[in-house]
Amino acid sequence: MTSGETRADYEFIFRALAQHLGSEYNPTAQIADASDAITRGFANAFGENFTRVYRWAHTIRNIDKKPSLIQEPQMRSQVRKNILQLQLARTPADFELAKNLFLKKYTEQCTEFLQYFSNEWLHQRSGWYEGLLDRAPSTNNGLESMNAHIKSEGTFRERLPIANFMDFMFRQCKIWSEERDDTNVNCKRFSLLPTPNLVLQTSARNWIDGKPDVKFRRQTNYVHYFVSATGQPKLKEADICK
């Protein structure tokens, strides 16, 4: 609905949204790519008190664009694997601990990449791990998919006159609504739970058959399970109570 993607453009959109929804609409989080224009536009419209989540798919794609910073393929693969593990941090405290261990591990092995990664994805933008925001998604792939559909099927990546664009959107919304209608024999239902594939189920079964040594710790509303890493000694009760 705007001619560009500047801070002012995003601020205009967010302010229009706030005006339409009223003062009770007070978002506490924003999930988007790494654009500073989106961040500043959102902050100007809703204030600075929000959690900025950088969508994980965008983050890892940008990191993958820097293979030349690590010349050795095996080292590059190992670093990427550790970044994927870092992304699974379940709390900010876990992320800080894992981040420091990551930096300590590679500080003398891939200096150039570490400088890029630290500056871009640890100091400036660190909100890309799972535990940053409880019960919130780490990516907006569904929204990006919808945006891609609009561009490929409706606008053909051209800037349409507003009347033509609104005509397409009204027709498209009708189609989406009918697709999700429970009374429709071909209803396209929303997935509420993940569906594990056969490969994952087989892998899980083989893991259980190996009788792993699993420790657990109960808390008020949760049960935390602990398993030692491959090749490491079995965990002791003292290890999970630290």
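The structure contained in this document is the topic of the report that follows. In this text the structure is predicted, and so the values were computed from the model without any measurement.

## Considerations on the packing of helix α3 (residues 56-64) against helix α6 (residues 111-124)
Here comes step 1: At a minimum axis separation of 12 Å, α3 and α6 run at an interaxial angle of 155°. As the angle between them shows, α3 and α6 are arranged roughly antiparallel. For α3 against α6, the interelement crossing comes out right-handed. Listed contacts from α6 to His58, Thr59, Asn62 and Ile63 of α3 are Phe113, Tyr116, Phe117 and Trp121.
Here comes step 2: Of the residues that constitute the contact of α3 with α6, the class distribution is five nonpolar, three polar and no charged.

## So, a nonpolar patch on the surface
Here comes step 1: Together, Trp207, Ile208, Val214, Phe216, Val223, Tyr225 and Val227 give the surface a local cluster of nonpolar side chains, amounting to about 680 Å² of exposed area.
Here comes step 2: Looking at the nonpolar patch, the elements that each hand over two or more residues are α9 (198-209), β3 (214-218) and β4 (223-227).
Here comes step 3: Here the nonpolar patch takes three residues from β4, the largest share from any one element.
Here comes step 4: Mapped onto the elements, Val227 comes out in strand β4.
Here comes step 5: Relative accessible area serves as the criterion here: at 40%, Val227 is assigned to the partly exposed category.

## Brief notes about unusual backbone geometry
Here comes step 1: The backbone of Arg157 sits at a positive phi, close to 60°, despite the residue not being glycine.
Here comes step 2: Tracing the backbone through its elements, the reader meets Arg157 in the loop between α7 (141-155) and α8 (162-179).
Here comes step 3: Unusually for a residue other than glycine, Lys211 sits at a positive phi of about 50°.

## Focus on the state of the cysteines
Here comes step 1: For the structure on display, the rule yields zero disulfides.
Here comes step 2: Free of any disulfide, Cys187 has its nearest cysteine sulfur in Cys173, 17 Å distant.
Here comes step 3: What makes Cys187 buried here is its relative accessible area of 13%.

## Describing the side chain of Arg55
Here comes step 1: For Arg55, the position within the fold is in the loop between β2 (51-54) and α3.
Here comes step 2: A polar atom in the side chain of Arg55 sits 3.3 Å from the side chain of Asn140.
Here comes step 3: Setting aside residues up to four positions removed in sequence, Arg55 forms contacts with Ile31, Ala32, Asp33, Arg61, Ser138, Thr139, Asn140, Asn141 and Glu144.

## Topic: the environment of Thr195
Here comes step 1: Structurally, Thr195 can be placed in the loop between α8 and α9.
Here comes step 2: Put simply, Thr195 and Tyr54 are 141 residues apart on the chain and 25 Å apart in space, counted from C-alpha to C-alpha.

Cut-offs and rules
- Residues numbered from 1 in each chain as written.
- Predicted model: local features only at pLDDT ≥ 70, side-chain atom pairs only at ≥ 80, totals over all residues.
- Heavy atoms only, no water.
- Axes fitted to C-alpha atoms, helices over the stretch in contact; angles between N-to-C directions.
- Helix = DSSP H or I, 4+ residues; strand = E, 2+ residues; numbered from the N terminus.
- Parallel < 35°, antiparallel > 145°, perpendicular 65-115°, else oblique.
- Left-handed = near helix turned anticlockwise from the far one by under 90°.
- Contact = heavy atoms within 4.5 Å.
- Nonpolar A, V, L, I, M, F, W, Y, C, P; charged D, E, K, R; others polar.
- Patch = residues over 30% accessible without salt bridge, like charges linked within 9 Å, V, L, I, M, F, W, Y side chains within 5 Å.
- Areas by Shrake-Rupley, 256 points an atom, 1.4 Å probe, with all protein chains shown as cover.
- Salt bridge = Lys/Arg side-chain N within 4 Å of Asp/Glu carboxyl O.
- Buried < 20%, exposed > 50% of the residue type's maximum accessible area, 1.4 Å probe, protein only.
- Disulfide = S-S within 2.5 Å.
- Polar contact = N/O pair within 3.5 Å; in protein donor to acceptor, adjacent residues only side chain to side chain.

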